[in-house]
Structures are given as C-alpha cells and as structure tokens.
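# Architecture and fold: a report
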Amino acid sequence: MNLRQAFRILTQSPATTAIIVLTLALCIGANTAIFSVVDATLLRPLPYPDPYRLIRVVTHYQSAAGESDSIGQDGRTWEAIRDHATFLDSSVFGSASGVNMAAAGQVQYVKQQRVGAGFFRVLGISPLVGREFTPEEDRPGGPPLTVLSFALWRRVFRQDPAAVGQTLLLRGEPYTIIGVMPESFQSSVPADLWTPLKATRNGEGGGINYRVVGRLKPGVTWAAADGQMESVGAPLMKERGVGKGFTARLKLVTLQQGQTQDLRKPVLILWAAVGLVLLIGCANVASLLLARSAARSREIATRMALGGGRGVIIRQLMTEALVLALIGGAAGILVGYFGLAGLKALAAKTYTMVESARLDGRVLLATGILSLFVSLLAGIFPALEAGAVDLRNALSDAGGRGIAGRRKRWSRKLLVAGEIAIAVLLLIGAGLLIRTVAFFYQLRPGFDPNHVISASFSLQDARYKTAQRVNQLFDAGLERMRSLPGVEAAGVGLSLPYEAALNTGFQRVDGPEASNRYLLTNFYYITPGYLEALRIPVLSGRAILPGDTATTAPIVLVNQSFVKQYLSRQAPVGSHLDFGKDIRQVVGVVGDVQQSANYGEFAPLAPIPAVYIPATQTNDSFLRMVHTWFPPSWVVRAQGAPADAIRSIQNIAAAIDPLVPIAEFRTLDDIRATTLSTQRFQATLLGSLSALALILAVVGIYGLMSQSVVERRRELGIRIAIGATLSQAIREAILPGLQLALAGVAAGCVLAGLSTRVLRHLIWGVSTSDPATYVGVAMGLLLVAATASLLPALRISRLNPADTLREE
C-alpha cells in the first residue's frame, strides 16, 4: 500500500521527482565509480593464494619531522634477508624495462621484469606450462632463461605448448623459454616476460634498486616475523648511517600496502571528496522533500485529522524517500559505469592498478547499501518535520506555514548553508590542485620544444656491451638523420627534459668548496647536436664537441642549478668533479631545463642540478648498468610535417639495426604531460567533483529561494501595495539567499583552512592557504548564489498587488 501510494505521489510532481532522481544518480554514480577504484586497489585481496600473508620489506625512517617508508633495498640487504630471515619464504625482483625481442619472425619492443628464484612460488602462482627459475639459474653467469606472460605466448606463439624449450632473441642474445604464466596472473608491474634477476651487491645492487617480497611461513605470526626482520636489519642500518635525528629499521608491510604506497593517499582524498558530494546531494534531496512536504501540509493534516497516526505518515514519507533512492541508485549504477570508464582513461598512464577496477557484485552491493543510507539520511529529516504538523494552521491555510512553521524554513536554510560550505571546501581544494598544474605548465622550460621529435630505443642489448659499439650506432644514425631535408640538428641523449633521469654521486675536487662529501646530481650522457636540437643555451665556456672522445681529457658540462647549489663560491669553468672512476673538468655552463628527480624533495618538475658528459667518454660497465634502467633517445629538430620526420627516423633506425626497434615517438609536450599525469588526474577529478558540488549547491539555493518567493507572495504583494518599490521588494527577496551564501562561504573557508593541509604533499608553487584561491572561490560562489537568488526573485515583477490583496 505504501509503495503504491509513494509511486502515485511521485508521479504527481514529475519535475521535482526528476531533479531528485538526477541528483541521486550523479552523487551515487560518482561514489560508485570511486568506490570501485578504492575496492580494486586498497580493499580487494590481491589475486594470490592467502594474500594476507604476503609481505614487502621496507626501510622505515623516523624523525621529529615525521616518518616514511622506502621500498628499495640494496644487494647486501637482500642477501641478509635471504640468509637470515628464517620466518619468511622470500624472493627479490627488480625494475621492469623495455627490451628488444625477436621471435617467430617478429621484432618487438616488450616489457621485461627481472625476478629472483622463487618469485612465482612466493606469490603462490605456478606456471601454466613449464617451470620457473631455480636458485642455481638465478646467479651471475647463470643461463639466459625466460618465462612468458600468457598474452605474449598467445600473441607470438599462438598458445603453442611446444614454445617451451624454444629460444627467442632477447636483448640481442638467445634466451630459452622455460615457462608460461597463467592468463590471470598479475605481477606488481605490467610485464610481457620475466628473466632471472641474478642479484649482486655491485652495480645495480650497490644502490637501493631491488624490491623484496615474502610470504610468512606456516605458524609464524606477523609480529614474530617483523621482530626478526628488525634484528636482521639492525647491523645494516647501523653501517649505512641515516643522518642525525633519523632512525631507520627494516619493517614488514602487507604486499598490498607496498604496491599501493603512491596511490593510497590520492585515492583516499578523492574518496573523501566524493563522500562530501554525496552529503551535498543528500542535503539537496532533503531540502526538496521538505519543500514537497510543505506543499502537501493540508493533505498530511487531513489524514492525521481523520485518524492517521504520526507513525503512519512518517512511514509513508520514508517509503517515498526509499523509492526515490532506489531509482536514483539504479540510475547511479549506469552513471558509475561510464564514470569508471572515464576514470580508467584518465588514470591509464598514472595508476595502472586502476585498470582492474570493475562494477562487480561487491561494488553493486555497496551501491545498494549506499542507496538505503541515502534514503534514510535524506528522508528522515522531512519525515520528522512532517510529523510535527500543526493541524489547526495546516487546515486553516494553504499550508505555507503548516509544517513546523519557522522551524521548517530554518531546517532548509541550514541544509542549504551546509551545502555551500562543503562546496566551498571542495572548490578550494580543487582550486589549489588546478593552480599547481597551471604552475607547472607556466614554468619556463629552458629549451625550445617546438619542432622536436624524440624516439626512444633500448640498448639493454648483448650486442651493445661496449661504449665503442654504442657510439658507432649513434654516429651511423645521426649522420643519416642530419642529412634529411628540413633537419636543423640531431643528437642522442640519455633521458630528456621533463623525464626522471639517472642520479649519481660526485665530489668537488678543487676550489674553496672542495670536499670529500658525496653529493647527488642528475646525470646525462649526450652527443654533439643534443644541445643544439633542444636549443639549450651555453651560458659560459663551451659545448660538447666532436673532438671530445675517449682519448681526450674527461670533461663535463654543468647547469645553472648545479652552479648555484654546488659551485656558488668559485668559478665553475675550470673546476674539477670526481665521479668515482674519473675526474672531469667543467668546460661549460648550460641553461637550466625543467627536469624530474629521483631523489630529494624536488617538485615533480624543477630546475634540478644536472651534469652532461660526452657519450664518447663513457665506459662499458657504466653503459651496461644505465641501459638497464634508461633508454636513450634520438632527438631531431626538423621543420615540416612531424609525420614525415617520424617516418624517416623509423626507416633510418630499421636500416642501421633492424633488431633495435623504436620503442616510442614522443614530442616534448607529450613527455611533460606524462610527467604531470598524476597532478592532472587529481586536479581533473577533484575539479569535476567540485563542479558537481557547486551545481548542487546552486540548485539548493534556487529551490529554497523559489519556495520562499511562493510562500511570501502575499507579503511581498502587500509591501508593493503600500508603497514599496519593485526594486525594494526584489532586494528583500534576494537578501535571505545572500545571507545564507555568506554564512556558507565563511564556514567553508574555515573548513578549508583546517582540511587542505592534507593536500600539502600534492601542491606545488602555491600555498595551501593561498589568498587568491580563497578569495576567488568565495567571490565566485557569492556571485553564483546571487544569480540563483535573483532569478526566482524576478517573478515578483509579475505580481499584481490588487489581485494579491483580494486573495484569501
């Protein structure tokens, strides 16, 4: 009976019902999309057997300023864990990188992840076909073996089981296929194949480039394993030294926590933001239901006068709210489906784990619970207000003041003021993130990105183990590229502006700043033509020349930031820097370019201290090490159509070595967009949620003011009849809306001042208390609120005072 009555009532005012359903659909849909990401990345168990016993080993740093975890470990730490952490079944893995592969008549650039023996066993997943690596194979000098992903097995070998035992050419040498992983297997990073890590203490293992994964052995508690890990790490931490005021220890965290370390905080902030949008939606729906109950006051009073109890009335109104919430929830699922697709597209290059999010039974159940919660939150207030009906007033007038009198109007005002406050909070947060993105895009790049094409390629290749062979490839390619029509300059560089680059230690050898202290800097090798192709200016001294070879004196160029930070008290040109195996003379100072850092507290893009050495003055071991992590790039400045330059570079690369395919063509703007993808993702999503919050708040103000004008129609008509001007009456009608907006804006600014501190690690180039953002949001929202209040007030111009006075 209540359901039939609810549907009948809702269809009597289709416009209001549609607004409520649309509001709920947008709010519930946004929550559904975000929750599906939260569930997939932070809540859902990892797709491995008994995932709660899987761990990552981190180094936990603590000081008076706070605490942090570093997931990287060096080779010595891994050996200590392997040999002495008896409570764990552990393994180790390294980075994933692009490599060249030739198999079944195809040459491809594929993603390779290097893992230690037992990696798949620890995760609890056995190969679908074949086996994984043994400890004997996972040692320096061990055989070249590989395990394929299911996708690569299907794409290249057509799922032929006989592929196991065959060889493919990987990194320029034959690798034997020993296994294929199941289609459902998910590694910590996307990979096409896996090879033995062969971890050591030297080279890569000399830095914190390894990750340790483990599984608690049967019967071992988390506390016992964590205590043993701290004991294993204590002598290592003591020898390493972590700086005055810091303490460090090895610590266990869940594998899921380790894998989502960078994702957790942004996702939780967005989840909180979408929850606030839901509260605004609930307030809006409650406000609209209050207005509807006011319009139905005579009907409700009549039912109560005829014997209907207050409980019956409350149940009926709650049923109506439940029906609206369920319809809105069903529509919200559709909105959530498209919203999730948009989220995945937005986060594709930022957070790969988001790709696993989906609207499954868990998410749909959460959506259903959320819909019930919304019905309770949005419906209980109007229902209780309706239960406080004054029968005599409700039956004697049109119901304008029949339900709870002034208290009812104050309820709606408080709800609308709350909406505005939350909208201000979200808008200020979004404004700070948007200003952060704008700050990075307004930075002077330090070079000319126009008409520049870059083409990255992998030299993690057995055929390019020597510096001589690498430089022969560079010379052959550059000679042909420079002869192309329209090409102004061409060069090769290890990493490019805007990218994360290799960082290395050095010492200052001479001058007043000479010291045996090791310092860090970004480090590039480049060929002649690289600076010219990017138009990076040489400010003093000279550039790298063709005559700088392996047989001439070692040289280095430094940038302005390097000089400012490390050589500010001496003439940089002529100074000497010790990079461990060679001492190089500074022969030139070049301009700063915007770069990304793998160390320190630098912004995502900043003029970071950097040095450039000639590619011809690198050595074999250095190149083998850096090409494990960083692919070099051809850099060509060419006038004309980019497509023509790309095609020509592709043809030249294939001609000089068909087994070294181009991995990716990018413009410098593409690289900047990739580097700032995290900031753009956060700003876009929070900005979208804030825009939705603003729209809902404006709808709330408009609805309240429309109802107020209707309720005050007679009063305003009388005012005009006794001498008030039309402008005075309109001003009187607008004033309550502006007062509400002022109160809401003030409360929202206070909330923002208390809350935006959580964004401090996401904001650059602007303060969390930035006055321009606060004032801009406040003034903008007041202007929008004034407009939303003015539109209903303009209806007063159509009032006929004589007709109003004759109304009863």
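Residues numbered from 1 in each chain as written. Predicted model: local features only at pLDDT ≥ 70, side-chain atom pairs only at ≥ 80, totals over all residues. Heavy atoms only, no water.

## A word on the environment of alanine 489
Quick reminder of the rule: Labels follow the DSSP assignment, with helices taken as runs of H or I lasting at least four residues and strands as runs of E lasting at least two, numbered in each case from the N terminus. By definition in these notes, contact holds between two residues if any of their heavy atoms fall within 4.5 Å.
Inspection of the secondary structure puts alanine 489 in strand β13 (residues 487-494). Residues alanine 489 and arginine 637, spaced 148 residues apart in sequence, show a C-alpha to C-alpha distance of 5.4 Å. Once residues within four sequence positions are removed from consideration, alanine 489 is found in contact with Gly529, Glu532, Ala533, Val635, Val636 and Arg637.

## A closer look at the pairing of strand β8 (residues 173-180)
The line we're drawing: Paired strands are those between which DSSP finds at least two bridges.
For strand β5 (residues 129-130) and β8, the ladder comprises two bridges, and the chain directions are antiparallel. Bridge pairing links glycine 130 to glycine 179 in β8. Where strand β7 (residues 167-170) and β8 come together, four bridges link them in antiparallel fashion. Paired with leucine 169 across the two strands is proline 174, which belongs to β8.

## Remarks on the packing of aromatic side chains
This is how it is decided: Between rings of Phe, Tyr and Trp, where Trp is taken as its six-membered ring, a pair exists when centres lie within 6.5 Å; planes separated by under 30 degrees are stacked, by over 60 edge-to-face, and by other angles tilted.
Considering all chains together, one arrives at 23 aromatic pairs under this definition. Their ring planes at 80° and their centres at 5.5 Å tell us that tyrosine 599 and phenylalanine 602 sit as a pair that is edge-to-face. A network of ring pairs unites the aromatic residues Tyr48, Phe93, Phe119, Phe120, Phe185 and Trp194 as a single cluster.

## Overview of the packing of helix α22 (residues 726-755) against helix α23 (residues 771-793)
Convention followed: Note on definitions: angles span 0 to 180 degrees between N-to-C directions of axes, and those axes are lines fitted to C-alpha atoms, for helices only across the stretch in contact. Convention used here: angles under 35 degrees read as roughly parallel, angles over 145 as roughly antiparallel, angles from 65 to 115 as roughly perpendicular, and any remaining angle as oblique. With the far helix as reference, a near helix turned anticlockwise by less than a right angle produces a left-handed crossing, and one turned clockwise produces a right-handed crossing. Just so you know the grouping, Ala, Val, Leu, Ile, Met, Phe, Trp, Tyr, Cys and Pro go in nonpolar, Asp, Glu, Lys and Arg go in charged, and all remaining residues, Gly too, go in polar.
Contact geometry of α22 with α23 gives a least axis separation of 9 Å together with a crossing angle of 155°. When the axis of α22 is compared with that of α23, the two are roughly antiparallel. Considering how the two elements wind past one another, α22 and α23 form a crossing that is right-handed. Facing Ile730, Ala733, Ile734, Gly737, Leu738, Ala741, Leu742, Val745, Cys749, Ala752 and Gly753 of α22, the residues of α23 in contact are Tyr774, Ala778, Leu781, Leu782, Ala785, Ala786, Ser789, Leu790 and Ala793. Broken down by class, the residue content of the contact of α22 with α23 amounts to 17 nonpolar, three polar and no charged.

## Examining helix α18 (residues 642-656)
Cut-off, in case you're wondering: By definition here, a helix of n residues has an expected span of 1.5 Å times n minus one. Only protein chains enter the calculation, and the probe is 1.4 Å; a residue is then buried if its accessible area is under 20% of its type maximum, exposed if over 50%, and partly exposed in between. As used here, the arc is the angular range of directions from the helix axis to the C-beta atoms.
For α18, built from 15 residues, the straight-helix expectation of 21 Å at 1.5 Å per residue is met to within 8% by its first-to-last C-alpha distance of 21 Å. Of all the positions in α18, only Ala645, Ile649, Ile652 and Ala653 are classed as buried. Along the axis of α18, the buried residues cluster in a sector spanning 100°; they form a single face. Where the residues of α18 are buried, they touch β12 (452-456), α14 (467-482), β21 (632-638) and β22 (664-666).

## Things to note about the pattern of salt bridges
Stated formally: By salt bridge we mean one thing: a side-chain nitrogen of Lys or Arg within 4 Å of a carboxyl oxygen of Asp or Glu.
One pass over the full model with this rule turns up 25 salt bridges. In this structure, the salt-bridge partner of aspartate 770 is arginine 435, at a minimum N-O distance of 2.2 Å. Linking aspartate 770 in the loop between α22 and α23 with arginine 435 in helix α13 (residues 405-442), this pair joins segments that are 335 residues apart in sequence. Salt-bridge contacts for arginine 535 lead to glutamate 488; the nearest nitrogen and oxygen are separated by 2.9 Å. Here arginine 535, found in the loop between α15 (530-534) and β16 (538-541), pairs with glutamate 488, found in strand β13; they are 47 residues apart in sequence, far enough to count as distant. When its relative accessible area of 42% is taken as the criterion, arginine 535 is described as partly exposed. Several salt bridges converge on common partners, so that one network encompasses Asp39, Arg44, Arg358, Asp360 and Arg362.

## Observations regarding empty space enclosed by the protein
The test is simple: The pocket and cavity definitions rest on a 1 Å grid over protein atoms only: a 1.4 Å probe that fits but cannot leave marks a cavity, an open set with protein on both sides within 12 Å along at least five of seven lines marks a pocket, and residues lining either have an atom within 4 Å of a point. Grid points are joined across faces, edges and corners, and a volume is the space filled by probe spheres set on the points.
Counted under the stated rule, the structure contains six cavities of 30 Å³ or more. In this structure, the second largest cavity encloses a volume near 40 Å³. In this structure, the second largest cavity is lined by Asn100, Met101, Ala102, Val107, Leu169, Gly172, Asp461, Arg463 and Leu659. The greatest single-element share of the lining of the second largest cavity, amounting to three residues, is contributed by strand β3 (residues 88-103). A class-by-class count of the residues in the lining of the second largest cavity yields five nonpolar, two polar and two charged.

## Let's talk about the side chain of glutamine 228
As a reminder, the rule being used: We call two N or O atoms a polar contact when they sit within 3.5 Å, provided that within protein one can donate a hydrogen and the other can accept it, with sequence-adjacent residues counted only if both atoms are side-chain atoms.
The topology assignment puts glutamine 228 in helix α6 (residues 222-240). Within polar-contact distance, the side chain of glutamine 228 engages the backbone nitrogen of phenylalanine 87 at 3.0 Å.

## Considering the pairing of β7
Judged by which residues are buried, β7 turns out to be one-sided: Leu168 and Leu170 face inward and are buried, whereas Thr167 and Leu169, on the alternate face, are not. Note that β3 and β7 share two bridges and pair antiparallel. In the strand pairing of β7, alanine 102 is matched with leucine 169. Between β7 and β8, which pair antiparallel one after the other, the connecting turn spans two residues, and arginine 171 there sits at a positive phi close to 55°.

## Focus: the state of the cysteines
Just so we agree on the cut-off: For the purposes of this analysis, a disulfide is any pair of cysteine sulfur atoms at a distance within 2.5 Å.
Counted according to the given criterion, the structure contains zero disulfides. Cysteine 27 supplies the cysteine sulfur nearest to cysteine 282, a cysteine that is in no disulfide, at a spacing of 7.3 Å. For cysteine 282, a relative accessible area of 4% corresponds to the buried category.

## Looking at the nonpolar core
Filter applied, for reference: In this text, buried Ala, Val, Leu, Ile, Met, Phe, Trp, Tyr and Cys residues form a nonpolar core when linked through side-chain atoms within 4.5 Å.
Ranked by size, the top nonpolar core spans 77 residues in total, and within it Val277 and Ile420 carry the most contacts. Contributing elements (two or more residues each) for this core: α2 (14-43), α8 (264-295), α10 (310-347), α11 (361-387), α13, α20 (677-711), α22 and α23. With 14 residues, the single largest contributor to this core is α13. Those residues in contact with isoleucine 420, other than ones at most four positions away along the chain, are Ala697, Ile701, Leu740, Ala741, Gly744, Val745 and Leu781. Phe523, Phe562, Val586 and Trp634 belong to the second-largest nonpolar core, a separate cluster that totals 47 residues.

## Re a nonpolar patch on the surface
Quick reminder of the rule: In this scheme, patches are assembled from residues that exceed 30% relative accessible area and form no salt bridge. Like charges are connected within 9 Å, while nonpolar side chains (Val, Leu, Ile, Met, Phe, Trp, Tyr) are connected within 5 Å. Here the Shrake-Rupley method, with its probe set to 1.4 Å, supplies the accessible areas, and only the displayed protein chains count as covering residues.
Together, Tyr702, Leu790, Leu791 and Leu794 give the surface a local cluster of nonpolar side chains, amounting to about 330 Å² of exposed area. What makes tyrosine 702 partly exposed here is its relative accessible area of 34%.

## Some points on the confidence of the model for the protein chain
The following threshold applies: Here pLDDT means the predictor's own confidence in every residue, given as a number from 0 to 100.
Scored by pLDDT, the protein chain comes out at a mean of 85, with 87% of its residues at no less than 70. In the model, residues 398-408 has pLDDT below 50 throughout and makes 28 contacts with residues more than four positions away in sequence or in other chains.

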